[in-house]
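Notes for the structure review
Spelled out, the chains give:
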Amino acid sequence: MKRHPLLIELSQEHHHTLALCVRILRAPETDHRHDITEHFIDLEKHFAKEETMFAPLWDKLDRADLRSRFEQEHARLRELFHHAQWNDAAWNTEFATLLRDHARFEERELFPALEEHALPPA
């Protein structure tokens, strides 16, 4: 499925995020501080862009479940980052798994719903 033009850049950013998650999950016992910190700068911008873009669309979408998951996962990822335990395999696994699952959720559930019900025709 071709992405709506307003979502293309976000989808491309998800690709980079998923690559980071693969690297972390291949070696969760490793200190990934540099990779995660560098990526999180862009991730914060990505989150802010999504939150700003989607704010006027939630009422049109009328899917409280998608909105709730979106908001809760952004909050949890920020919380995890700000309480990072770089050398802890469990923390690395939780962070990378949530980040991976969140990107997949947006691509597979949220974006298609927005494209169908809330975004203007492409």
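Residues numbered from 1 in each chain as written. Predicted model: local features only at pLDDT ≥ 70, side-chain atom pairs only at ≥ 80, totals over all residues. Heavy atoms only, no water.

- An unreviewed UniProt entry annotates the chain as Hemerythrin-like domain-containing protein originating from Kingella denitrificans ATCC 33394.

**So, helix α4 (residues 64-82)**
- Given a rise of 1.5 Å per residue, 19 residues ought to cover 27 Å, and the 27 Å separating the end C-alpha atoms of α4 matches this to within 8%.
- All buried positions along α4 are accounted for by Leu66, Phe70, Glu73, His74, Leu77, Leu80 and Phe81. The buried residues of α4 occupy an angular sector of 135 degrees when projected down its axis, which confines them to one face. Of the exposed residues in α4, those oriented more than 90 degrees away from the buried face are Ala64, Gln72 and His82.
- Where α4 is buried, its residues meet α2 (33-54), α3 (58-61) and α5 (89-117). (Helix = DSSP H or I, 4+ residues; strand = E, 2+ residues; numbered from the N terminus. Expected span 1.5 Å × (residues − 1). Buried < 20%, exposed > 50% of the residue type's maximum accessible area, 1.4 Å probe, protein only. Arc of directions from axis to C-beta. Contact = heavy atoms within 4.5 Å.)

**A short note on the packing of helix α1 (residues 8-26) against α5**
- Relative orientation of the contacting elements α1 and α5 amounts to 150 degrees, with a least axis distance of 9 Å. Taken together, α1 and α5 sit at an angle that is classed as roughly antiparallel. Of the two possible hands of crossing, α1 and α5 adopt the one that is left-handed. Residue-level inspection shows Leu10, Ser11, His14, Thr17, Leu18, Leu20, Cys21, Ile24 and Leu25 of α1 in contact with α5, the latter providing Asn92, Thr93, Ala96, Thr97, Leu99, Arg100, Ala103, Arg104, Glu106, Glu107 and Phe111.
- Of the residues assigned to the contact of α1 with α5, the class counts are 10 nonpolar, 6 polar and 4 charged. (Axes fitted to C-alpha atoms, helices over the stretch in contact; angles between N-to-C directions. Parallel < 35°, antiparallel > 145°, perpendicular 65-115°, else oblique. Left-handed = near helix turned anticlockwise from the far one by under 90°. Nonpolar A, V, L, I, M, F, W, Y, C, P; charged D, E, K, R; others polar.)

**Re the packing of α2 against α4**
- Their axes nearest at 11 Å, the elements α2 and α4 cross at an angle of 155 degrees. Classified by the interaxial angle, the pair formed by α2 and α4 is roughly antiparallel. Remark: the crossing between α2 and α4 carries left-handed chirality. Between α2 and α4, the contacting residues are Ile36, Thr37, Phe40, Glu44, Phe47, Ala48, Glu50, Glu51 and Phe54 on the first element and Phe70, His74, Leu77, Arg78, Phe81 and His82 on the second.

**Thoughts on the packing of aromatic side chains**
- Applying the stated criterion across every chain yields a total of 8 aromatic pairs.
- A centroid spacing of 6.1 Å and a plane angle of 80 degrees characterise the contact between Phe54 and Phe111, whose relative ring orientation is edge-to-face. Of this pair, Phe54 sits in helix α2 while Phe111 is found in helix α5, placing the two residues 57 residues apart along the sequence. Grouping residues by exposure puts Phe54 and Phe111 together as buried.
- Measuring from ring centre to ring centre gives 5.5 Å for Trp86 and Trp91, while their planes differ by 70 degrees; the resulting arrangement is edge-to-face.
- On the basis of relative accessible area, Trp91 is assigned to the buried category, the value being 4%.
- Each residue in the set Phe40, Phe81, Trp86, Trp91 and Phe95 is aromatic and connected to the rest through ring pairs, giving one cluster. (Phe/Tyr/Trp six-rings, centres within 6.5 Å; stacked < 30°, edge-to-face > 60°.)

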